[in-house]
Amino acid sequence: MVVKRGYHFYQNPGPTNIPDRVLRAMDRGAIDFTGAQFREISEECFAGLKRVFKTQQTILAYAASGHGAWEAALVNLFSPGDKLLVVESGFFSLNWGMRGEAFGLEVETLANDWRSAANPAKLENRLREDRDHKIKAVLVVHNETSTGVLNDVAGLRRAIDAANHPALYLVDVISSLGSTDFRMDEWGVDVVVVGSQKGLMLPTGMAFTGVSSRALAAAAEAKLPRVYWDWRRLLGEGSQAYWNGTAPVHFFYGLQEALRMIEEEGLENVFERHRRLAEATRRAVRAWRQNDGPEIFAIDPRAQSDSITAVQVPEGWDADKVRQLCLDKFNVSLGGGLDRLHGHVFRIGHMGDLNEPMMLGALAAVEMALELTGVPHGKGGVAAAMDYLVRSEQE
Ligand SMILES: *Cc1c(COP(=O)(O)O)cnc(C)c1O
C-alpha cells in the first residue's frame, strides 16, 4: 500500500472540497423532519437558495444526485413524443438529452464543436425554422464540466426571444451555481437544475430545481408518469411541503452552513475569487504551452470557465498518465477526460472552497507531473500564476 502523508489536494471539478464548517455542522443527531425545528432550518435554506439562484420563484429539493434533477425536469414537463432541442456543448449536454430519449421524447441536437461556446445566432435560426413550434424546450448546460467551456445563458435566452419561440428554457447550472454569475429570473430561465457537491460545497446526494411559473403551468399538462419527482406532490405554499419518504435532514444542516459561508463572503466576492483562481490556472497553462506543450481546451478566452480548466496534452501523449501521476506521487486529485476526451485532456477543478496556496500547490504538482511524464512543456507556469495573483492583489 502506498502511504500518503499530508493534505489530500482535491482538485476535481466535482465533487469539491467540503469545508470543515460544513462537516462540523452535519456532525449532529437526527431530528424529526415533520417538526418545527426542521421546518425552520429548511425555510432558511430555501430562502438562501433563492438568493443564490437569483429568483423569486419556486425551488424544490430531492434526495438525489444531479442526474435525478435532470430526470425530474424531463418527467414533470413533457408528454411522450414531445420534441426537445439540446444545445450541444460536451458530454453532459448529450447525456441529459439521452435521458429524454429514454422517456420517449424526440431529441434533436444542435451540433456544436466542444471547444467553443454555443452560438446564439445558430439557435435563433433553428428556432425560426420551427414555425409550428414542435420544439417544446431548449436544454443548455451553463458550464460544460467536461470541456471547461461556459455558455452564454443570457445570450441564448435572447436568441429564443428573437425567434419569438415559446419553448421552455432548461439550464443545467450544476458546475456554475455558486462559482459563476447566474440569474434565473433576469435571464428568463424556466427550469434550473443543480446538485449539492460543486459550488454549494456539500457532499453528493442532494439536488435542486428552480421552477418558473410557466414551467409549473406546463407541468400541470404534462403526461409522462412520475411519482418520486412529481413537483405537484412536493409543492407547498412558498416552499416545499412534502418529501417522498424521509427528508435528508443532515444535508440541510450542511446547506444552512454553506449558505451562511457564501453570504458572509458575499456572492459577488465568491465569483471574483473563482475568477482569480481560474485566471491564475490559465496563466500557468499558457506558460506550459511553450515548446508545443499542453493548451487550454476552450479556445475563446471569453468562454473559458471559472469553475474548471480542461488541459489538452499534445498529440501522442496521454493526459491520463499526468492525472494518475499527480494522484500517486503528490496526492493531488484531478479530473480525467470524459468520453471522447479520455486521454486527451485532464481537468483542473477550481470551484468551491479553495484559496491561492491550494491552487498553487495543485499547479505545482501538475508542472512536476508534466516533467516526470516527459510531456513537452514550457517551464514557469506556477511562477506565472503567482505573478498574476500578486498583481491582482496590488490593483
Ligand atoms: C457534475 C455534473 C452533472 C452530474 O451531476 P451528478 O450530481 O453527478 O449527477 C451534470 N451536469 C454537469 C454540468 C455537471 O458538472
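Residues numbered from 1 in each chain as written. Predicted model: local features only at pLDDT ≥ 70, side-chain atom pairs only at ≥ 80, totals over all residues. Heavy atoms only, no water.

What to know about the overall build of the protein
- A count of helices and strands for the protein gives 13 helices and 15 strands.
- For 395 residues, the compact-globule formula gives about 21 Å, and the C-alpha radius of gyration of the protein, at 21 Å, lands near that figure.
- Seen along its three principal axes, the alpha-carbon backbone of the protein occupies a region of about 60 × 55 × 45 Å.
- Residues classed as buried in the protein amount to 59% of the 395 residues present. (Helix = DSSP H or I, 4+ residues; strand = E, 2+ residues; numbered from the N terminus. Rg over C-alpha atoms; globule rule 2.2 N^0.38 Å. Buried < 20%, exposed > 50% of the residue type's maximum accessible area, 1.4 Å probe, protein only.)

Here's the deal with unusual backbone geometry
- Following G14, the chain continues into P15 via a peptide bond in cis, with omega recorded as -10 degrees.
- Within the fold, P15 resides in the loop between β1 (9–10) and α1 (20–26).
- A positive phi angle, near 55 degrees, is found at N164, a position not held by glycine.
- Relative to the helices and strands, N164 resides in the loop between α6 (153–162) and β8 (168–172).
- The exposed category is assigned to N164, whose relative accessible area is 65%.

Re the site of the ligand
- Near the ligand lie 13 residues; those nearest to it are G66, H67, T145, D172 and K198.
- Within the side chain of T145, an N or O atom sits 2.4 Å from an oxygen atom of the ligand.
- Out of a free accessible area of 390 Å², the ligand has 91% covered by protein chains.
- At 3 residues, the largest contribution of residues to the shell around the ligand is made by helix α3 (residues 66–77).
- A breakdown of the residues in the shell around the ligand according to their chemical character gives 4 nonpolar, 7 polar and 2 charged. (Near = heavy atom within 4 Å. Polar contact = N/O pair within 3.5 Å; in protein donor to acceptor, adjacent residues only side chain to side chain. Areas by Shrake-Rupley, 256 points an atom, 1.4 Å probe, with all protein chains shown as cover. Nonpolar A, V, L, I, M, F, W, Y, C, P; charged D, E, K, R; others polar.)

Here's the deal with the packing of aromatic side chains
- Across all of its chains, the model carries 10 aromatic pairs by this definition.
- An angle of 80 degrees between the planes, with centres 5.2 Å apart, marks the rings of Y62 and W229 as edge-to-face. Pair noted here: Y62 is in strand β2 (residues 58–63) and W229 is in the loop between α7 (213–221) and α8 (231–234), with a separation of 167 residues, a long-range link. The pair formed by Y62 and W229 is uniform in burial state, with each residue classed as buried. (Phe/Tyr/Trp six-rings, centres within 6.5 Å; stacked < 30°, edge-to-face > 60°.)

Side note on the environment of A298
- Within the secondary structure layout, A298 lies in the loop between β11 (295–296) and β12 (308–312).
- Measuring from C-alpha to C-alpha, the distance between A298 and P15 comes to 21 Å, with 283 residues separating the pair along the chain.
- The residues touching A298, leaving out its near neighbours within four places in the chain, are R115, T147, G148, V149, A303 and Q304. (Contact = heavy atoms within 4.5 Å.)

Quick look at the environment of R289
- Looking at the secondary structure, you find R289 in the loop between α10 (267–288) and β11.
- When sequence neighbours within four positions are dropped, the list of residues in contact with R289 reads P294 and E295.

As for the domain arrangement of the protein
- Once the domains are mapped, the protein shows domain 1 (9–16 + 266–394) and domain 2 (31–263).
- Contact with domain 1, which involves 32 residues of that partner, is made by 31 residues of domain 2.
- The junction of domain 1 with domain 2 conceals about 2500 Å² of combined surface from both sides, 59% of it contributed by carbon and sulfur atoms.
- Of all residues in domain 1, L267, F271 and F297 give up the largest surface area on contact with domain 2, accounting jointly for 20% of the area buried on that side.
- Our enumeration of links across domain 1 and domain 2 arrives at 3 salt bridges.
- Between E295 and R115 there is a salt bridge whose closest N-O contact spans 3.8 Å.
- At the level of elements, α10, β11 and β12 are the ones that each hand at least two residues to the side of domain 1 that touches domain 2.
- Counting residues per element, the side of domain 1 that touches domain 2 draws most heavily on α10, at 5 residues.
- For the side of domain 1 that touches domain 2, the per-class residue count stands at 15 nonpolar, 9 polar and 8 charged. (Domains from an automatic or database assignment. Buried area = accessible area lost by both parts, 1.4 Å probe. Salt bridge = Lys/Arg side-chain N within 4 Å of Asp/Glu carboxyl O.)

Topic: α3
- If you check α3, its first and last C-alpha atoms are 17 Å apart, about what 12 residues at 1.5 Å a residue would give, namely 16 Å.
- Regarding α3, the residues found buried are G66, G68, A69, W70, A72, A73, L74, V75, N76 and L77. (Expected span 1.5 Å × (residues − 1).)

Looking at the sheet that holds strand β15 (residues 345–349)
- Pairing is antiparallel across the open sheet formed by 4 strands, whose spatial order is β11-β12-β15-β14. The sheet terminates laterally at β11 and β14 (335–336), the two strands that pair on one side only. (Pairing = 2+ DSSP bridges.)

A look at the pattern of salt bridges
- Under the defined criterion, the tally for this structure stands at 33 salt bridges.
- With its nearest N and O atoms 2.9 Å apart, the salt bridge here joins E264 to R21. Placement of the pair is E264 in helix α9 (residues 249–265) and R21 in helix α1, with a sequence separation of 243 residues.
- For R21, a relative accessible area of 34% puts it in the partly exposed group.
- The shortest N-O distance in the salt bridge between E44 and R260 comes to 3.0 Å. Highlighted residues: E44 in helix α2 (residues 36–53) and R260 in helix α9, separated in sequence by 216 residues.
- Three or more residues joined by partner-sharing salt bridges are found here, namely K54, D181, R183, E186 and E268.

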